[in-house]
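Structure assessment
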Amino acid sequence: GKSLGSGFRGLDFTSASDEVNLGNALAYERTDTFSGFALIVPAATAAAILVGKLNTAAWPGWRFGLTAALKPYLDLRNSGGRCMTQSTAAITDATLTMVGWTYTGSSTVAGITLYKDGAVFADTDQNDTLAAGTIIDTTALTIGALVGGADYRGDIGLVAVFGAAKTAADFTRWAALARLI
């Protein structure tokens, strides 16, 4: 990775072969509560998964990523539909940014909250049709993965995923710690 200042070092994603494959881990169901965040410095506009487990052939799984316009989103899918929301604003600077989410297991977009640097990030519902089927799949958990023909470009310094709902206070505390890096 390259240095991002003050001793911070992240993985520098510059090509298709840069994704990190963590095997079949974190198989959350649509009714499970889970949260997470990533410390990133995006380098280019390209739709990409920051962290996720999504079978793009059959569509079960979940992913947290950036749209081509650098808007963070959370997307849960199964063969019957999807539950997706994305932020209304983009990550507009090339500085260390913490983006995150909480999903309450509601199977609806009302159960998703997005965060940027510890604050709730306004979002807009993209799809709210997640069906009763499973989102569990044996697809590998990946960081910096391909989606829609483009790979993530930029740095990812830390990814954390929790099997619990995290609060705005948690995200605020983590963002404050990230600014110390």
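Note: the structure precedes this text.
In this report, the structure presented in the accompanying data block is examined.

Cut-offs applied
Residues numbered from 1 in each chain as written. Predicted model: local features only at pLDDT ≥ 70, side-chain atom pairs only at ≥ 80, totals over all residues. Heavy atoms only, no water. Buried < 20%, exposed > 50% of the residue type's maximum accessible area, 1.4 Å probe, protein only. Helix = DSSP H or I, 4+ residues; strand = E, 2+ residues; numbered from the N terminus. Pairing = 2+ DSSP bridges. Salt bridge = Lys/Arg side-chain N within 4 Å of Asp/Glu carboxyl O. Axes fitted to C-alpha atoms, helices over the stretch in contact; angles between N-to-C directions.

Counted residue by residue, strand β8 (residues 97-103) has seven buried out of seven residues, so it is predominantly covered. Here β8 shows two buried faces, one formed by Thr97, Val99, Trp101 and Tyr103 and the other by Met98, Gly100 and Thr102. With seven bridges connecting them, strand β3 (residues 34-42) and β8 associate as antiparallel partners. Bridging from a neighbouring strand, Ala38 pairs with Val99 of β8.

Turning our attention to the pattern of salt bridges. Evaluation of the coordinates by the stated rule reveals four salt bridges. One salt bridge in this structure joins Asp75 and Arg63, with 3.0 Å as the shortest N-O distance. With Asp75 in strand β6 (residues 72-78) and Arg63 in strand β5 (residues 61-66), the pair connects residues that are twelve residues apart, well separated along the chain. With relative accessibility at 0%, the residue Asp75 sits in the buried group. Taking relative accessible area as the criterion, Arg63 reaches 7% and is therefore assigned buried. Between Arg77 and Asp75 there is a salt bridge whose closest N-O contact spans 2.8 Å. Look at Arg77 and you get buried, because its relative accessible area is 10%. Bridged by salt links that share partners, the residues Arg63, Asp75, Arg77 and Arg82 form one connected network.

Read across the open sheet, the six strands follow the order β1-β13-β3-β8-β9-β10; overall the sheet is antiparallel. Taken across any chain shown, the strands that pair with only one partner, and hence form the sheet edges, are β1 (11-13) and β10 (119-121). Looking at each pair of strands side by side, their axes are set apart by 35 degrees on average, direction ignored. Sheet topology note: the β8/strand β9 (residues 112-116) ladder contains five bridges and is antiparallel. The residue bridging Thr102 from the neighbouring strand is Thr113, located in β9.

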